[in-house]
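# Chains, contacts and geometry: an overview
If you want the building blocks of each chain, they are given just below.
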Amino acid sequence: MRTLGLIGGMSWESTVEYYRKINELVNKKLGGWNSAKLLLYSLNFEQIVKFQKEFKWSELTKILVDAAVKLEKCGAEAILICTNTMHKVAPDVKREINVPIIDIVEVTAKKIRSSGLKRIGLLGTKFTMEDGFYQYRLKKYAIDTLTPDSVDREIVNDIIYEELCKGIRSEKSKRTILRVIEKLKQKGAGGIILGCTELPLLVNEGDSDITIFDTTKIHCEEAVKFILGES
């Protein structure tokens, strides 16, 4: 069994789900008392949010590089960044370490390609929906991306940061997210990426008749393949 390093705390609400899902999947495959060999470096999300709002991506890169390097020194054989938004700087982090990064955008793109869908709606933080790094990577797989209008992007972003990252889950916000999903469907999206690891805390694959791509789940499944030497 390989050792995986997790960079979490962005937010810790979704990092808990990573820890739970990875261990559940390992145990489901191996049975008994088996669980994953994990190293967790959990960051202070207050500092991350501050730098995000100030667009200090170079400072954020330094924070993630520091975490990744420390995990590698402690024996991590690959790194998993437990967030979509911070994959904006994942290529920069990768250049500073000697072990692979299990990239959430890459594994999600491959999952969508295998489904045969060509046009996808993307939900996430404003950074994920607006900065283009997700769309650029999906385009390489011949996948077109639709995002909500500017008003809905603000609403989705606020639900993520002001509610889900603080452990608040409301039926009203769930209905709001489902409304945004329906609007993307009407615009031609054949599926929806829950491109924030907090969104599956509110909406799941059974809540809509459109195909939902839960990036947390997809990421964890790929992580388990690595841990068990299947990839």
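Our subject is the structure listed above.
The following refers to the structure shown. Worth saying up front: this structure is predicted, and the values here are computed from it rather than measured.

Our focus in this paragraph is the pattern of salt bridges. What the rule picks out here adds up to 23 salt bridges. Where Asp149 meets Lys183, a salt bridge forms, and the shortest distance between an N and an O atom there is 3.6 Å. Here Asp149, found in the loop between strand S5 (144-146) and helix H8 (150-163), pairs with Lys183, found in helix H9 (residues 171-186); they are 34 residues apart in sequence, far enough to count as distant. Judged by relative accessible area, Lys183 falls into the partly exposed class, the value being 32%. Each of Asp149, Asp152, Arg179 and Lys183 takes part in one network of salt bridges that share partners.

Turning to its location among the elements, Asn84 is positioned in the loop between strand S3 (78-81) and helix H4 (90-94). In contact with Asn84, not counting residues within four places along its chain, are Ile104, Thr128, Phe133, Tyr134, Leu194, Gly195, Cys196, Thr197 and Thr215.

Quick look at the packing of aromatic side chains now. What the rule picks out here adds up to four aromatic pairs. Between Trp57 and Phe127 the ring centres are 5.3 Å apart and the planes differ by 80 degrees, which places this aromatic pair in the edge-to-face class. In this pair, Trp57 is assigned in helix H3 (residues 57-73) and Phe127 in helix H6 (residues 126-130), connecting sequence segments 70 residues apart. Using a relative accessible area of 11% as the deciding quantity, one classes Phe127 as buried. Plain terms: the ring middles of Phe133 and Tyr134 are 5.9 Å apart, the flat faces sit at 55 degrees to each other, and that makes the pair tilted. In this structure Phe133 comes out as buried when scored by relative accessible area, which is 13%. In this structure Tyr134 comes out as buried when scored by relative accessible area, which is 0%. An aromatic cluster of at least three residues, connected via ring pairs, comprises Phe55, Trp57 and Phe127.

Strand order in the open sheet formed by three strands is S2-S1-S3, with parallel pairing between adjacent strands. Whereas interior strands pair on both sides, the edge strands pair on one side only; in this sheet they are strand S2 (37-42) and S3. Taking each pair of neighbouring strands and ignoring which way they run, the sheet shows an average axis angle of 25 degrees. Note: strand S1 (residues 3-8) against S2, six bridges, orientation parallel. Within S2, the position partnered with Thr3 by the bridge is Lys37.

This paragraph deals with the environment of Asp152. Mapping Asp152 onto the fold places it in helix H8. When the C-alpha atoms of Asp152 and Thr3 are compared, they prove to be 40 Å apart, with 149 residues separating the residues in sequence. Every residue in contact with Asp152, bar those within four places of it in the chain, is listed here: Arg179, Val180 and Lys183. A distance of 2.8 Å separates the side chain of Asp152 from the side chain of Lys183, its partner in a polar contact.

What counts, and at which threshold
Residues numbered from 1 in each chain as written. Predicted model: local features only at pLDDT ≥ 70, side-chain atom pairs only at ≥ 80, totals over all residues. Heavy atoms only, no water. Salt bridge = Lys/Arg side-chain N within 4 Å of Asp/Glu carboxyl O. Helix = DSSP H or I, 4+ residues; strand = E, 2+ residues; numbered from the N terminus. Buried < 20%, exposed > 50% of the residue type's maximum accessible area, 1.4 Å probe, protein only. Contact = heavy atoms within 4.5 Å. Phe/Tyr/Trp six-rings, centres within 6.5 Å; stacked < 30°, edge-to-face > 60°. Pairing = 2+ DSSP bridges. Axes fitted to C-alpha atoms, helices over the stretch in contact; angles between N-to-C directions. Polar contact = N/O pair within 3.5 Å; in protein donor to acceptor, adjacent residues only side chain to side chain.

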